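Each chain is listed here by its residues.
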Amino acid sequence: MLELQTQRQLVNLLVKLICLTVSACTTLLLLAIAAFMVAESLPVWSALGPLKIIAGTDWSPLAAPPRLGIGTMILSTLWVALGAVLLSAPLGFAGAIFLAEFAPPWLAGIIRPVLNILTGIPSVVYGFVGAAVLIKFFEVSFNMASGESLFCASLILTVMVLPYIVTNSESALRSVPREYRQAALALGVSKQYLTLRVLLPLAKKGLTGALVLAFGRAAGETMAVLMLAGNTMLLPTSWFSKGEPLSALIALELGTSVVGSAHYQALFAAGLVLLILVICINLFLTLLKRG
Amino acid sequence: MLRRCLDLLWLVLFWTAGLFILFVLAGIMGYLVLRGGPVLSWEFLTTAPRGLPLGAEGGVFPAIKGTFYLVLIAVFSAVLPGIITAVYLVEYAAPSRFRDIINLTVQCMAGIPSIVTGLFAYALFVVRMGFGISLLAGGLALGIMIFPVIVVTSRDALLAVNEQYRLVGASLGVSRWYMLVRVIFPQGLPAVISGVLLAAGYAAGATAPVMVTAAVISAGSSGSLFEPVMALPYHLYILFSQQISIERAYGTALLLVLLLLILNAVTLWLRSLKGKGA
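If you're wondering where the values come from, they're calculated on a predicted model, not measured in any experiment.

On the side of chain A, 67 residues touch chain B, which itself brings 67 residues to the contact. The set of elements that each furnish at least two residues to the side of chain B that touches chain A consists of helix 1 (2-36), helix 3 (61-92), helix 4 (97-111), helix 5 (114-128), helix 8 (176-205), helix 9 (208-213), helix 10 (232-241) and helix 11 (246-273) of chain B. In terms of residues, the side of chain B that touches chain A owes the most to one element, helix 1 of chain B, which gives 15 residues. Within the side of chain B that touches chain A, the residues separate by chemical class into 53 nonpolar, 12 polar and two charged.

Our next topic: the environment of E101 of chain A. Residues and elements named next belong to chain A. Here E101 lies in helix 3 (residues 71-102). Remark: the alpha-carbon pair of E101 and A203, spanning 102 residues in sequence, is separated by 14 Å. Apart from residues lying up to four places away in sequence, E101 is in contact with K191 and T195.

So, on to helix 5 of chain B. All names here are of chain B. The end-to-end C-alpha distance of helix 5, which contains 15 residues, comes to 20 Å, matching closely the 21 Å that a straight helix rising 1.5 Å per residue would cover. The buried count for helix 5 comes to 13 of 15 residues, which makes it a mostly enclosed element. Immediately beyond the C-terminal end of helix 5, within one or two residues, lies G130, with a positive phi of roughly 75°.

Residues and elements named next belong to chain B. Notably, Q243 is not glycine yet its phi reads approximately 50°, a positive angle. Within the secondary structure layout, Q243 lies in the loop between helix 10 and helix 11. Classification of Q243 by C-beta neighbours within 10 Å gives exposed; the count is 11.

All right, on to the environment of A253 of chain B then. Take A253 of chain B: it is sitting in helix 11. Judged by the 30 C-beta atoms lying within 10 Å of it, A253 of chain B falls in the buried class. Put simply, A253 of chain B and R35 of chain B are 218 residues apart on the chain and 10.0 Å apart in space, counted from C-alpha to C-alpha. Those residues in contact with A253 of chain B that lie beyond four places of it in its chain are V125 and F128 of chain A together with L32, G36 and L236 of chain B.

Rules used throughout
Residues numbered from 1 in each chain as written. Chains lettered and ligands numbered in written order. Predicted model: local features only at pLDDT ≥ 70, side-chain atom pairs only at ≥ 80, totals over all residues. Contact = placed C-beta atoms within 7 Å. Helix = DSSP H or I, 4+ residues; strand = E, 2+ residues; numbered from the N terminus. Nonpolar A, V, L, I, M, F, W, Y, C, P; charged D, E, K, R; others polar. Expected span 1.5 Å × (residues − 1). Buried ≥ 20, exposed ≤ 12 C-beta atoms within 10 Å, placed from the backbone.

In structure tokens, the structure reads:
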């Protein structure tokens, strides 16, 4: 009996140990990704200086000496992602309010799975449909030589991040304590007033979180912006100019860069910038949830 | 009166936003079916690309095979560590700093842009380990990408198992391991499987990591680990961006979306099974 007891304890301990080890490896994997980005790009950071890379606007990796400013791409990334959040925020919030407060249950029961499907559609399909339809539309209706622009990329990203905003905002609205609703309704205000003046301010934190998350998604997206943003190295001067976001730069040039060259290292520098952006966003979200 | 008009206006706005979501999906699906439907045929699914430029005629069979192998490797490499991590988070880790760190890590990993994962896999698998542009490198890249998804869905699935079972188990003096294997896991299994299926769908549609680690314009996709493959999403990108054949591109896009819809349907069905299994 005693033997069985110890044997069982041993199994339990072993399982716990295995679980612990594997989970610890998760953290190591994230660290490894970060470490690789740093290690592979370190030579260019120290050779050119961080300022020259981040703020530089001249990208000619094959010139001698190579000029490796990724400022243009950083600006494109920010512009595209901010634009997408700007466009999808009103739509997403309104959709979330509809789902949380106004939608009849049967309709909400249809919209929720639809949101799931929308998040699942591959980004290359969004990019393809956007490129085939939107760009044609811009070319024909505005008589442009080529319709790609940061604005087009933002439009498609709007559709792509909309489900994230709706789902997260809805759960933020739902987490407002019941008492507030009852108190407001007891005062005889309309449901619209309740939502706009009571629920929205109370759910502010969750709503901000939804927007920040959407920004992160939009900034890291590759295929849609690759197919829609136009891919030129010029500094974008307006929403309607072309640009090449960081992710598109990496996807387009990694295959042709010589391993170990300054070009190759600069692409990892671009990856590092993207990674830092995303990790900052996640740390911010965690702090938001806590504080 | 003004108040009432305003209220009505808001109501209309909210309804519009809600219906817009339905309209987006219906629009995309409808358009893809309209343009891609005529292309889909038995021949399209089962033959290799032909014609000049390659892909202008023929089908996408090697791309289907390639995507299948890639997803298989990704799921195989990510499923076990993913579920073990989830079990640790739910069953073993007491609320502690370490658990918080792992939760944060998983959240950060889920946010990593897929192209950065691709970049990492390129540096590690393709260059350092010398796999070259290959099925194995792409599959592992996708594995890293879907790992956090599997952790999160499995974690939530296990958390959703009724707390009563745990209490009863503990009061009967049953060991944690026994509880996990005989009670909690069978209860949570349908949700865990549906999470894995969703992750598989995510991997099947991912283009950026595959584009830099595994995919080429034309390959036999024989399933050999160290050879490059074709992949459906990359094939779609190439068909469109090289202007090879817009019709075939619509067909490929429709195929990808149909695949996703099927996975979603299976997932919904599995979720409805929840609780009957034990």
